[in-house]
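Here is how the chains run, residue by residue.
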Amino acid sequence: GNSVTQMEGPVTLSEEAFLTINCTYTATGYPSLFWYVQYPGEGLQLLLKATKADDKGSNKGFEATYRKETTSFHLEKGSVQVSDSAVYFCALSDYDYKLSFGAGTTVTVRA
Amino acid sequence: EAGVAQSPRYKIIEKRQSVAFWCNPISGHATLYWYQQILGQGPKLLIQFQNNGVVDDSQLPKDRFSAERLKGVDSTLKIQPAKLEDSAVYLCASSYGLAGTTDTQYFGPGTRLTVL
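So, how was this worked out
Residues numbered from 1 in each chain as written. Chains lettered and ligands numbered in written order. Predicted model: local features only at pLDDT ≥ 70, side-chain atom pairs only at ≥ 80, totals over all residues. Heavy atoms only, no water. Contact = heavy atoms within 4.5 Å. Buried area = accessible area lost by both parts, 1.4 Å probe. Salt bridge = Lys/Arg side-chain N within 4 Å of Asp/Glu carboxyl O. Polar contact = N/O pair within 3.5 Å; in protein donor to acceptor, adjacent residues only side chain to side chain. Nonpolar A, V, L, I, M, F, W, Y, C, P; charged D, E, K, R; others polar. Helix = DSSP H or I, 4+ residues; strand = E, 2+ residues; numbered from the N terminus. Disulfide = S-S within 2.5 Å. Buried < 20%, exposed > 50% of the residue type's maximum accessible area, 1.4 Å probe, protein only. Pairing = 2+ DSSP bridges.

Observations regarding the interface of chain B and chain A
Contacts between the two partners involve 19 residues from chain B and, on the opposite side, 17 residues from chain A. Summing the contributions of chain B and of chain A, the shared interface buries around 1400 Å²; its carbon and sulfur component is 55%. Across the contact surface, chain B and chain A share 1 salt bridge. Close ionic contact of A:K98 with B:D56 constitutes a salt bridge, the shortest N to O distance being 2.2 Å. For the interface between chain B and chain A, the tally reads 2 residue pairs in polar contact (both at pLDDT 80 or more). Residues of the side of chain B that touches chain A, tallied by class, amount to 6 nonpolar, 11 polar and 2 charged.

Structure representation (structure tokens):
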């Protein structure tokens, strides 16, 4: 079956530090890949997505590249801000179009 | 554009009691989803509606959970009777396209249920 494994947290960083959250997946077909973010007190929001191999999704300074050879979709940001403190979820959607989520990674950025 | 609305935001009940959650999706969205998110885990799909019909309820514990989407707009999710292991955040999401697409899902803030 489909599954997503992401880096365990929590992750604590200082402002302007580089952030990487690892995500690997197992899927039957050729899935679409997503990163969702949940800010404190808010609902899940789509951060970025990629629908085929070698695609790069980007938004708000975050990037992730769909790597089929390593079945990975790692999230990166070059310089984080306090406002990036949130829980980040990696997810995939396969032939059945259902979303399968990872367990989430809590990121805290300190000023 | 108003987002997905859910109520209540928090609910505390004792085991064996019943509880209902309400969701109002974004206007015009055909597909509605209910997810269960247990602490420390990612959301798990419980049921998916397209308009007022059920597309997928394979993960819904039908002995105690029920859901409906009358008139293809609002939806309610009910648990009767609740168990301790039902303590979780219940998320509602909607998407514009029909089921079977990768349209972006928009999530509500969730209802946090605590079963004592």
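Describing the environment of A:T70
Residues and elements named next belong to chain A. Mapping T70 onto the fold places it in the loop between β8 (62-65) and β9 (75-77). Distance in space between the C-alpha atoms of T70 and F89 is 19 Å, their sequence separation being 19 residues. A distance of 2.8 Å separates polar atoms of two side chains, one belonging to T70 and the other to S72.

A few points about the state of the cysteines
One pass over the structure, following the stated rule, counts 2 disulfides over all chains. Sulfur-sulfur distance for the disulfide between A:C23 and A:C90 comes to 2.0 Å. As the torsion about the S-S bond is roughly -70°, the A:C23-A:C90 disulfide counts as left-handed. Highlighted residues: A:C23 in strand β4 (residues 23-26) and A:C90 in strand β10 (residues 86-93), separated in sequence by 67 residues. The exposure classification of A:C23 matches that of A:C90, with both residues buried. The disulfide that involves B:C23 links it to B:C92, with 1.9 Å between the sulfurs.

Describing the pattern of salt bridges
Residues and elements named next belong to chain A. Counted by the stated rule, this structure contains 6 salt bridges over all chains. D55 is the partner of K52 in a salt bridge, and the nearest nitrogen-oxygen pair spans 3.4 Å. Classification of K52 as exposed rests on a relative accessible area of 52%. Here K77 makes a salt bridge to D84, at a shortest N to O gap of 2.8 Å. K77 gets classed as buried once you look at its relative accessible area, which sits at 10%. The class of D84 is buried, set by a relative accessible area of 6%.

Observations concerning the pairing of strand β9 (residues 88-95) of chain B
Residues and elements named next belong to chain B. The buried count for β9 comes to 8 of 8 residues, which makes it a mostly enclosed element. Taken together, the 7 bridges between strand β4 (residues 31-37) and β9 define a ladder with antiparallel strand orientation. Along β9, the bridge assignment pairs W34 with C92. Bridge analysis of β9 against strand β11 (residues 111-115) gives 3 bridges, and the strand direction is antiparallel. Looking at the pairing, V89 lines up with R112 of β11.

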